[in-house]
Amino acid sequence: MALKDLSPRQMVQITAAWLDPERERPRLASLKRCAPLIDDIEAAHDGILKSHRKQKKANDELSDIQQRQVATDQVHDRKARGAHAVLTGFADLADDPEDAAIYLEIREQLFADGLRFISASYSDEAGEVKLARDRLTPESKAALKALPTPGGNLLKAVQAWFAAGDELGRLDAQRVHLEAQDKPGTVDPRGGQLRARNRWIKVVRSVLQMLELEAADAETTRRLLAPLQRETAKAERRRSGGKVEADTEGGAPPEAGGAGEPAIDEDAPAAGVD
């Protein structure tokens, strides 16, 4: 039986049956080699549950950040395009060449490379705002404040663009931090879920090995293996593209290693490699 093919949902189904006092826990507890593993089973079971609760929370937070980034980016791009267009328009409308030169100089300070940055990444947009803010002189700010726009003046619009860029940078930093959580190194790029899976597989292997050494009676062995055999059979059908039929609690599990004998996953990868 290939333990690595089991889904997290199937994993917790199996160990839930083993840990349930109304189901298979008393049988495990009655076996001197298997009983000491109950604490390990509980820890592995809880590890699968906790890793997925944590991942769901992280996914929800990440989704919220992404939605806020989209909304903020719309403001950022709109204000940037508007400021660029207004400065260009005032330069075209100015009858005094010196006034036109002032508007074009301000545009150059704010948009040294034009508007290409609005199609860049969120972090790049945030970085461009920092550069533009630093290039803008006090004289240019005064000139912007004197240019009227709907709802205020051009300085106010530019500051709204800057604020949106700053927010994009803050949100992107939150996203990066969130994605980096529970990913301490390249050996385990998927973080806690992979570690929880590997721990669960290692513990279940130990149970199977101890059960084989116990030489337990056929009924005990059958009952303990039933949840595992049932779920691994479903995983095998899923992997081979077959239809997974709804199982019933009383259905006979598929044979996996001979009547009354635990089937050990010899081909599954060692703990730490999934």
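The structure reproduced in this document is the subject of the present report. Treat the numbers as computed from the prediction; the structure is a model and nothing was measured.

**Regarding the overall build of the chain**
Looking only at helices and strands, one finds nine helices and two strands in the chain. Per-residue burial for the chain yields a buried fraction of 38% across its 274 residues. Sequence separation of at least 24 residues holds for 74% of the intrachain contacts in the chain that already meet a minimum separation of 6.

**Structural notes on the pattern of salt bridges**
Where side chains of opposite charge bring their charged atoms close, a pairing between them can arise. One pass over the structure, following the stated rule, counts 14 salt bridges. As a salt-bridge pair, E42 and R25 come within 2.8 Å of each other at their nearest N and O atoms. Linking E42 in helix α3 (residues 38–93) with R25 in helix α2 (residues 25–29), this pair joins segments that are 17 residues apart in sequence. Among the ionic pairs, R175 bridges to D172, the shortest N-O distance being 3.0 Å. Of this pair, R175 and D172 both sit in helix α7 (residues 154–180), three residues apart, which is roughly one turn of the helix.

**Observations concerning the nonpolar core**
Within the largest apolar cluster, 28 residues are counted, with the highest numbers of intra-cluster contacts made by L6, W18, L28 and W200. When contributions to this core are tallied by element, the ones reaching two or more residues are α1 (8–19), α3, α8 (192–214) and α9 (218–239). Of the residues forming this core, the biggest block, eight residues, is contributed by α8. Those residues in contact with W18 that lie beyond four places of it in its chain are E24, R25, L28, I41, V204, V207, L224 and P227. Counting 22 residues, the second-largest nonpolar core is a separate cluster that includes A80, L144, V158 and F162.

**What to know about the environment of R107**
Looking at the secondary structure, you find R107 in helix α4 (residues 97–110). Residue R107 is classed as partly exposed on the basis of its relative accessible area of 24%. If sequence neighbours within four positions are ignored, R107 has contacts with H84, L87 and T88.

**Quick word on the layout of surface pockets**
Each pocket or cavity is described by its volume, and for the second largest pocket that value is around 220 Å³. As for the second largest pocket, its lining consists of 14 residues, of which K79, T149, P150, N153 and A157 are closest to the centre. Of all the secondary structure elements, the ones that give two or more residues to the lining of the second largest pocket are α3, β2 (152–153) and α7. If you tally residues by element for the lining of the second largest pocket, the top one is α3, at five residues.

**Some words on α7**
Here α7 spans 39 Å end to end across 27 residues, near enough to the 39 Å set by a 1.5 Å rise per residue. All of the buried residues along α7 are L154, L155, A157, V158, W161, F162, A164, G165, L168, L171, D172 and L178. Of the residues flanking the start of α7, the one acting as N-cap is N153, its side-chain oxygen 3.1 Å from the backbone nitrogen of L155.

**Describing a negative patch on the surface**
Where like charges cluster on the molecular surface, the negative patch consists of D95, D96, E98 and D99. Tracing the backbone shows E98 in helix α4.

**Re the side chain of H45**
Relative to the assigned elements, H45 resides in helix α3. A relative accessible area of 11% means that H45 is categorised as buried. Within the structure, H45 has its side chain in polar contact with the side chain of T15 (distance 2.7 Å). Beyond its immediate stretch of four places on either side in the chain, H45 contacts V12, T15, A16, L19 and W200.

**Describing the side chain of E125**
Mapped onto the secondary structure, E125 falls in helix α5 (residues 122–135). Here E125 sits buried without a salt bridge, and the closest side chain of opposite charge, R81, lies 8.2 Å off (N-O distance). Each residue touching E125, except ones within four places of it in the same chain, is listed here: D73, H76, D77, F117, I118, S119, A120 and L168.

**Re the environment of A215**
Along the polypeptide, A215 turns up in the loop between α8 and α9. The class for A215 is exposed, based on a relative accessible area of 67%. When the C-alpha positions of A215 and L31 are compared, they lie 9.7 Å apart, and in sequence the two are 184 residues distant.

Rules of the game
- Residues numbered from 1 in each chain as written.
- Predicted model: local features only at pLDDT ≥ 70, side-chain atom pairs only at ≥ 80, totals over all residues.
- Heavy atoms only, no water.
- Helix = DSSP H or I, 4+ residues; strand = E, 2+ residues; numbered from the N terminus.
- Buried < 20%, exposed > 50% of the residue type's maximum accessible area, 1.4 Å probe, protein only.
- Contact = heavy atoms within 4.5 Å.
- Salt bridge = Lys/Arg side-chain N within 4 Å of Asp/Glu carboxyl O.
- Core = buried A, V, L, I, M, F, W, Y, C linked by side-chain atoms within 4.5 Å.
- 1 Å grid on protein atoms, 1.4 Å probe; cavity = no way out; pocket = protein on both sides within 12 Å on 5 of 7 lines; lining within 4 Å.
- Points joined across faces, edges and corners; volume = space filled by probe spheres on them.
- Expected span 1.5 Å × (residues − 1).
- Polar contact = N/O pair within 3.5 Å; in protein donor to acceptor, adjacent residues only side chain to side chain.
- Patch = residues over 30% accessible without salt bridge, like charges linked within 9 Å, V, L, I, M, F, W, Y side chains within 5 Å.
- Areas by Shrake-Rupley, 256 points an atom, 1.4 Å probe, with all protein chains shown as cover.
- Lys, Arg positive; Asp, Glu negative; His and termini not counted.
- Charge placed at Lys NZ, Arg CZ, Asp CG, Glu CD.

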